[in-house]
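Observations on the model geometry
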Amino acid sequence: MKKEKRFKVVSSEGALESYRVIVDTETGVNYLYISNGAAGGVTILLDSQGNPIITRDE
């Protein structure tokens, strides 16, 4: 049985500077990952109320 990956890239843009929205398939929490050369960072995406953005399974 093939195990599903825990994280899924749902959006990606940029060339030198890369932006990706990643969803944790177990919790549904959305993260923003930004990379620029050897540097990078990740942060949780929040809605206007300050709550984590959750993507429910389709």
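The shown structure was predicted, so the numbers you read here are calculated from the model rather than taken from an experiment.

A few words now on the overall build of the protein chain. When helices and strands are counted, the protein chain shows zero helices and four strands. For the protein chain, restricting intrachain contacts to residue pairs at least 6 apart in sequence, the fraction spanning at least 24 positions comes to 13%. Approximately 4,900 Å² of the protein chain is accessible, and the part contributed by carbon and sulfur atoms is 52%. Placing the 7 positive and 8 negative side-chain charges of the protein chain at their respective mean positions leaves the two points 8 Å apart.

Relative to the helices and strands, Leu 16 is located in the loop between β1 (7–13) and β2 (17–24). We classify Leu 16 as exposed; its relative accessible area is 78%. For Leu 16 and Gly 40, which are 24 residues apart along the polypeptide, the C-alpha to C-alpha distance reads 12 Å. Dropping the residues within four chain positions of it, Leu 16 is found in contact with Ser 35, Asn 36 and Gly 37.

The gaps left among the atoms become clear once a water-sized probe is rolled over them. Volume-wise, the largest pocket comes out at about 340 Å³. What lines the largest pocket is a set of 16 residues, among which Glu 4, Lys 8, Asp 24, Thr 25 and Asp 57 lie closest to the centre. Elements supplying a minimum of two residues to the lining of the largest pocket: β1 and β2. Its residues placed into classes, the lining of the largest pocket shows two nonpolar, four polar and 10 charged.

Rules used throughout
- Residues numbered from 1 in each chain as written.
- Predicted model: local features only at pLDDT ≥ 70, side-chain atom pairs only at ≥ 80, totals over all residues.
- Heavy atoms only, no water.
- Helix = DSSP H or I, 4+ residues; strand = E, 2+ residues; numbered from the N terminus.
- Contact = heavy atoms within 4.5 Å.
- Areas by Shrake-Rupley, 256 points an atom, 1.4 Å probe, with all protein chains shown as cover.
- Lys, Arg positive; Asp, Glu negative; His and termini not counted.
- Charge placed at Lys NZ, Arg CZ, Asp CG, Glu CD.
- Buried < 20%, exposed > 50% of the residue type's maximum accessible area, 1.4 Å probe, protein only.
- 1 Å grid on protein atoms, 1.4 Å probe; cavity = no way out; pocket = protein on both sides within 12 Å on 5 of 7 lines; lining within 4 Å.
- Points joined across faces, edges and corners; volume = space filled by probe spheres on them.
- Nonpolar A, V, L, I, M, F, W, Y, C, P; charged D, E, K, R; others polar.

These values are about where atoms sit, not about what they do.
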